[in-house]
Amino acid sequence: MYGFLGHLQDEQVEAVVKREPGLHMYSFKDVDMILNDEGEDSNEVVLGTPSDKSEILHLDEYNSAQKTNGNICSSGRISKLVTPFGKRSNKFVVKLKIDNLPTTETMNGMHHHENLEDDIIKRIQPNKSYSLVVHRSWLEPGCRFIYDRIEDRFNALENRIRNHAAALVASGLYEEPVDPSVASQKSIFAVGMICCDGEGHLNDKSILLQSSVEHSGGQRVRLELNKLSHFSVFPGQVVGIKGHNPSGHCLIASELVDSVPLSFAADTNLRPAKKQALDEEIQATKFPSSPTEITLIIAAGPFTTTENLLFEPLKELLTYATRKCTQLLILLGPFIDSEHPQIKKGTVDLSFDEVFRLEVLRMVQDYLGYMGSNAQVVIIPSVRDANHDFVFPQPAFDLDPLDIKHQITSLTNPGIFEADEVKIGCCTVDILKHLSGEELSRHSVDGTPSDRLSRLASHILSQRSFYPLYPPAEGVPLDFSLAPEALNISSVPDLLILPSDIKYFVKVVSLGGTSEGEEQMKKCVCINPGRLAKGEGGGTFVELKYQGSPDKMNASIIGI
């Protein structure tokens, strides 16, 4: 029966090829081969290919383990078919490198040993496992969403303005805000949200300031920024404005305050116990304990090329992580990308959840099984994941049936966790790209260059929100019944991971130091790892070694 069906299938394939000569046909044999073929070119020396015998041994053992650990795509069958991704010439090319550590140290603490037995022992007993602590999640798998009301939206925006105003007043640097829509010849101080007068983008004539209901009944007034030498504003941004309104129709700004001192950034409406915990956390950032060292790899989806659903880039990434003995791997969605051609056309035989579990999670399980119990993987979903809830904020993946759940941490989107006391924030919605399209800025007249990527990232930190833009960009399913707590950034993290379609980067952003007695700046490493797969080719990921401070870190953006 199998021979008859196989012969019939071959005849059908030949008929299709005759009708469309340029069409590429892939069989299940070809799929198996592509994921497991060692290929005739495996011995070629290309950039990033391991030349050390110990590293080659690691790769051989891992590939062998993949073939025997039940991977559904492992068959050992041989074929000459090679995908465009498989034919790329340069592998693991360093696109950008930041080196703040002594040159004698290497990424991940790797050293070249001549004794292969030492390397085998190192793999069996790798570095210690990191202690992962997930900050309280306001979202649970299966939670109700898209039930937000107009009241929820109003309360979310109103609370942002009131909390920002309270924090500025508490700093002692600014007076109690007043109604900016009332005519006054004297200088006043007002706090409100930047809005656009119309449907288009912000310009000099369309900037409005909406104050809180408490101070102005929620009235809007035109805001003029012509007297400012430099500024950067966007819709939804909460700012403090010093200026005057002689006519009652236009507030002429003389100073714009777009952030609050770190000591007063906590939500003033928090319960006493929670506020005390945040105060202790802020004190810890001022007087850090002994430096913590972590080494990790960060990659964001898509994890497969647009040509197929073979997840070749993901396999290459896991192979690289195996060679580096990486103990912490952060994978950010989309995993089953709803924008993938085959997903959009619905030509996949399996359900989206089955593809996720049988392809993506199976590879991750094989990687963890090979690396041992100390290795850990953090997974964050995306609103582009076809197998998950289309809502933002987004609950974590439900991974209960997994045998190695203790090694896989499923995080909400956005989410915050700590790895050995290093606080890491993650958000897979492309807020950087959305802010880039809505921001209105003016550079300083003295000609000082402005780092736009750092400025975009700093907006998220200064606004204390993973998504401060309002109205949200088209396609972002923002649910205001879930947003206030889930989007809040109570304190500045050490690392902020923001995957985006804009150019990859690793930037150190400084905040704070604006209040009396608060001379120390809080620094945050903002990371855009890029996309692991771009079109039919490979993209980029980040390898990072962090020793308690941005001044003591190595970071590499690597093209796969």
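Thresholds applied
- Residues numbered from 1 in each chain as written.
- Predicted model: local features only at pLDDT ≥ 70, side-chain atom pairs only at ≥ 80, totals over all residues.
- Heavy atoms only, no water.
- Helix = DSSP H or I, 4+ residues; strand = E, 2+ residues; numbered from the N terminus.
- Buried < 20%, exposed > 50% of the residue type's maximum accessible area, 1.4 Å probe, protein only.
- Contact = heavy atoms within 4.5 Å.
- Pairing = 2+ DSSP bridges.
- Axes fitted to C-alpha atoms, helices over the stretch in contact; angles between N-to-C directions.
- Parallel < 35°, antiparallel > 145°, perpendicular 65-115°, else oblique.
- Nonpolar A, V, L, I, M, F, W, Y, C, P; charged D, E, K, R; others polar.
- Polar contact = N/O pair within 3.5 Å; in protein donor to acceptor, adjacent residues only side chain to side chain.

## Examining the overall build of the chain
Of regular secondary structure, the chain possesses 13 helices and 22 strands. The buried share among the 560 residues of the chain stands at 51%. Within the chain, counting contacts between residues at least 6 apart in sequence, those at least 24 apart form 74% of the total.

## Focus on the pairing of strand 14 (residues 422-426)
In regular strands, side chains alternate between the two faces of the sheet. The element strand 14 is largely enclosed, with a buried count of 5 among its 5 residues. With burial as the criterion, each face of strand 14 is covered, one bearing Val 422, Ile 424 and Cys 426 and the other bearing Lys 423 and Gly 425. Pairing between strand 13 (residues 415-419) and strand 14: 5 bridges, direction antiparallel. Counterpart to Phe 417 in the pairing with strand 14 is Ile 424. What sits between strand 13 and strand 14 in their antiparallel hairpin is a turn of 2 residues, with Asp 420 showing a positive phi close to 50°.

## Side note on the sheet that holds strand 2 (residues 132-134)
Pairing is mixed across the open sheet formed by 6 strands, whose spatial order is 2-13-14-16-18-17. Both edges of this open sheet fall to strand 2 and strand 17 (505-511), since each of them pairs with a single strand only. Taken over all neighbouring pairs, the strand axes of this sheet differ in orientation by 25° on average, direction set aside. Lying on the sheet, helix 12 (residues 452-462) is in contact with strand 16 (495-497), strand 17 and strand 18 (522-528); it crosses strand 17 at an angle near 50°.

## Description of the pairing of strand 5 (residues 220-224)
Looking at chain direction, strand 4 (residues 207-211) and strand 5 are connected through 3 bridges and run antiparallel. Looking at strand 5, one finds that Leu 208 is bridged to Arg 222. As paired elements, strand 5 and strand 8 (residues 250-257) share 3 bridges and run parallel to each other. For Arg 222, the partnering residue across the bridge sits in strand 8 and is Cys 250.

## Focus on the packing of helix 11 (residues 431-438) against helix 12
Direction vectors running N to C along helix 11 and helix 12 enclose 105°, while the axes themselves pass 10 Å from each other. By the criterion of interaxial angle, the relationship of helix 11 to helix 12 is roughly perpendicular. Contacts from Ile 431, Leu 432, Leu 435 and Ser 436 of helix 11 reach helix 12 at Arg 452, Leu 456, Ala 457, His 459 and Ile 460. Its residues assigned to classes, the contact of helix 11 with helix 12 comprises 6 nonpolar, 2 polar and 1 charged.

## What about the environment of Lys 423?
Inspection of the secondary structure assignment puts Lys 423 in strand 14. You can call Lys 423 buried: its relative accessible area is 7%. Along the chain, Lys 423 and Cys 524 lie 101 residues apart, while their C-alpha atoms are 9.9 Å from each other. Polar side-chain contacts of Lys 423 include one of 2.8 Å to the side chain of Ser 491.

## Notes on the sheet that holds strand 1 (residues 93-99)
On the basis of which strands lie adjacent, the open sheet formed by 7 strands has the order 1-22-21-9-10-11-12 and mixed pairing. Because the sheet does not close on itself, it has two edges, and the strands there are strand 1 and strand 12 (408-410). For this sheet the average axis-to-axis angle between neighbouring strands, irrespective of direction, equals 15°. Each of strand 10 (328-332), strand 11 (376-380) and strand 12 touches helix 10 (residues 352-371); the most contacted strand, strand 11, lies at about 160° to it.

## Topic: helix 12
Across the 11 residues that make up helix 12, a large majority, 9, are buried. Residue Asp 451 occupies the N-cap position of helix 12, its side-chain oxygen lying 3.3 Å from the main-chain nitrogen of Leu 453. Of the residues flanking the end of helix 12, it is Arg 464, one or two places downstream, whose phi is positive at about 55°.

## Let's talk about the environment of Lys 91
Counting through the fold element by element, Lys 91 comes out in the loop between helix 3 (53-68) and strand 1. Note on Lys 91: relative accessible area 23%, which makes it partly exposed. The sequence separation of Lys 91 and Ile 558 amounts to 467 residues, and the corresponding C-alpha distance is 8.9 Å.

This is a description of form; function is not addressed.
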